[in-house]
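Chain by chain, the residues run as shown.
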Amino acid sequence: MGIDIGSISTKGVIIDAGRNIIARTYLWTEGNPADAARRVVTDLGSQVDRDAVHVRAVGTTGSARRLVGAMCGATVVKNEITAHAVGTTFLHPDVRTILEIGGQDSKIICVENGIAVDYAMNTLCAAGTGAFLSSQAHRLGVEVEEFGEIALTSKKPANIAARCTVFAESDLVHKIQVGYAREDIIAGLCRAVATNYLNNVGKGKQIVAPVVFQGGVSKNAGVVQAFRDELGMDVLVDADGHLMGAFGVALLAVEAASREGAGQATFNFDALRSFEFATREVECQKCANHCEIICVYRDGTIIDSWGNRCEKGAVRTEA
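Overview of the structure. (Residues numbered from 1 in each chain as written. Predicted model: local features only at pLDDT ≥ 70, side-chain atom pairs only at ≥ 80, totals over all residues. Heavy atoms only, no water.)

1. Side note on the overall build of the chain
Alright, step 1. Scanning the chain for helices and strands turns up nine helices and 13 strands.
Alright, step 2. Against the compact-globule benchmark of 20 Å for 319 residues, the chain has a radius of gyration of 21 Å, which places it among compact chains.
Alright, step 3. Dimensions of the chain, computed from C-alpha atoms along their principal axes, come out at roughly 65 × 50 × 40 Å.
Alright, step 4. Counting every position in the chain, which comprises 319 residues, the buried fraction comes to 48%.
Alright, step 5. When the accessible area of the chain is evaluated, it comes to approximately 15,400 Å², of which 48% is carbon and sulfur surface.
Alright, step 6. The averaged location of the 37 negative side-chain charges in the chain is 4 Å from the averaged location of its 31 positive side-chain charges. (Helix = DSSP H or I, 4+ residues; strand = E, 2+ residues; numbered from the N terminus. Rg over C-alpha atoms; globule rule 2.2 N^0.38 Å. Buried < 20%, exposed > 50% of the residue type's maximum accessible area, 1.4 Å probe, protein only. Areas by Shrake-Rupley, 256 points an atom, 1.4 Å probe, with all protein chains shown as cover. Lys, Arg positive; Asp, Glu negative; His and termini not counted. Charge placed at Lys NZ, Arg CZ, Asp CG, Glu CD.)

Written as structure tokens, this is what we have:
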């Protein structure tokens, strides 16, 4: 099982021995990654015959990977770059560039011979993310899921300033006021996401084909077409591209389980429902860093911690 816990959405998959996805889910995190993890696990469990399917290992990735990894007893906890690269290269061994846009972050991964050799992530600007599109969809009174198809009907996309969210929003209001057609504004917004991404996240990176686009925004046909137009090359999108982080970390969990042997206990789907934990923030005083260390406790026992930048701040766990 692989779980990708993002700031906006949480994704999960279960793969079989042949590395095929046999259960998948995608839901909103809603500011509560622990509850989102519970809902993901429950949904995945409902999609399989739990008497016949036994999950041998769990991997977690995403912004809350450590917390959810502790909850699930994860075999593997990996960053998003590694998870996305592993999942994508499994499906596309010849991939050279991975474009990924999620709810609040975006990244580019450059691959050579199946290995990630360079990457970059967005910093402060949210103009090239799913959250930006969602907010503009609300302003226009359109469901964000409809953006892609509407954008493809445009004959002359509006030129929306893409330097940052504030400029893009003010430009959007101006375009509405002067009477631009809705489909042209929406197509312009999709193009703004692509150009903002390429000018910021992709700045200085050599984008080489084959190119794979993934993340929740890859479901937007308007943004996909905008990338194709801007890059002048084909951009591949998988049906499960929005689940690639979860798929990649599930593959890593398979490898870890194989290394550790087949005698591993199977995952208990029901145990997560009753999992109660508490977190406490501790400021380490053992060096000049003064790291803020997050400690996770279950029944008064510390089971995980993170945030220390040196060995002096390492917290001994009992799980």
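2. What about the packing of aromatic side chains?
Alright, step 1. Per the stated rule, a full pass over the model turns up five aromatic pairs.
Alright, step 2. Considering the side-chain rings of Phe90 and Phe247, the 5.8 Å spacing of their centres and the 65° angle between planes classify their relative orientation as edge-to-face. Pair noted here: Phe90 is in helix 3 (residues 80–91) and Phe247 is in helix 9 (residues 244–260), with a separation of 157 residues, a long-range link.
Alright, step 3. Look at Phe90 and you get partly exposed, because its relative accessible area is 41%.
Alright, step 4. Looking at Phe247, the relative accessible area reads 3%, which means it is buried.
Alright, step 5. Taken together, Tyr197, Phe213 and Phe227 form an aromatic cluster joined through their ring pairs.
Alright, step 6. The side chain of Lys175 reaches across the aromatic face of Tyr180, ending 5.6 Å from its centre. (Phe/Tyr/Trp six-rings, centres within 6.5 Å; stacked < 30°, edge-to-face > 60°. Lys NZ or Arg CZ within 6 Å of the ring centre and 35° of its normal.)

3. Details of the state of the cysteines
Alright, step 1. A full pass over the atoms with the stated rule returns zero disulfides.
Alright, step 2. Not part of a disulfide, Cys291 finds its nearest cysteine sulfur in Cys287, a span of 5.7 Å.
Alright, step 3. For Cys291, a relative accessible area of 4% translates into the label buried. (Disulfide = S-S within 2.5 Å.)

4. Digging into the sheet that holds strand 5 (residues 76–77)
Alright, step 1. The sheet built from five strands is open, its strands ordered 3-2-1-4-5 with mixed pairing. What marks the edges here is a single partner per strand, and that holds for strand 3 (21–28) and strand 5.
Alright, step 2. Pairing analysis gives two bridges linking strand 4 (residues 59–62) to strand 5, with the strands arranged parallel. In the strand pairing of strand 5, Gly59 is matched with Val76.
Alright, step 3. This element, helix 1 (residues 33–46), spans strand 1 (2–5), strand 2 (9–15) and strand 3 of the sheet and lies at about 145° to strand 3.
Alright, step 4. Packed on one face of the sheet, helix 2 (residues 65–72) meets strand 1, strand 4 and strand 5 and runs near 160° to strand 4. (Pairing = 2+ DSSP bridges. Contact = heavy atoms within 4.5 Å. Axes fitted to C-alpha atoms, helices over the stretch in contact; angles between N-to-C directions.)

5. Some words on helix 4 (residues 130–140)
Alright, step 1. Residues Gly130, Phe132, Leu133, Gln136, Ala137 and Leu140 constitute the buried set of helix 4. All buried residues of helix 4 fall inside an arc of 155° around its axis, so they share one side. (Arc of directions from axis to C-beta.)

6. Overview of the nonpolar core
Alright, step 1. In terms of nonpolar packing, the biggest core is built from 37 residues, with Phe147, Leu189, Phe213 and Phe227 touching the most fellow members.
Alright, step 2. Broken down by secondary-structure element, the contributors of at least two residues to this core are strand 6 (97–101), helix 4, helix 5 (147–151), helix 6 (165–177), helix 7 (182–200), strand 9 (211–214) and helix 8 (221–231).
Alright, step 3. The greatest single-element share of this core, amounting to 10 residues, is contributed by helix 7.
Alright, step 4. Among all residues touching Phe227, those that are not within four sequence positions of it are Leu99, Ile101, Ala194, Tyr197, Leu198, Phe213, Gly232 and Val235.
Alright, step 5. Listed in part, the 27 residues of the second largest apolar core include Ala23, Leu27, Ala34 and Ala70. (Core = buried A, V, L, I, M, F, W, Y, C linked by side-chain atoms within 4.5 Å.)

Spatial relationships are all this shows, so hold off on functional conclusions.
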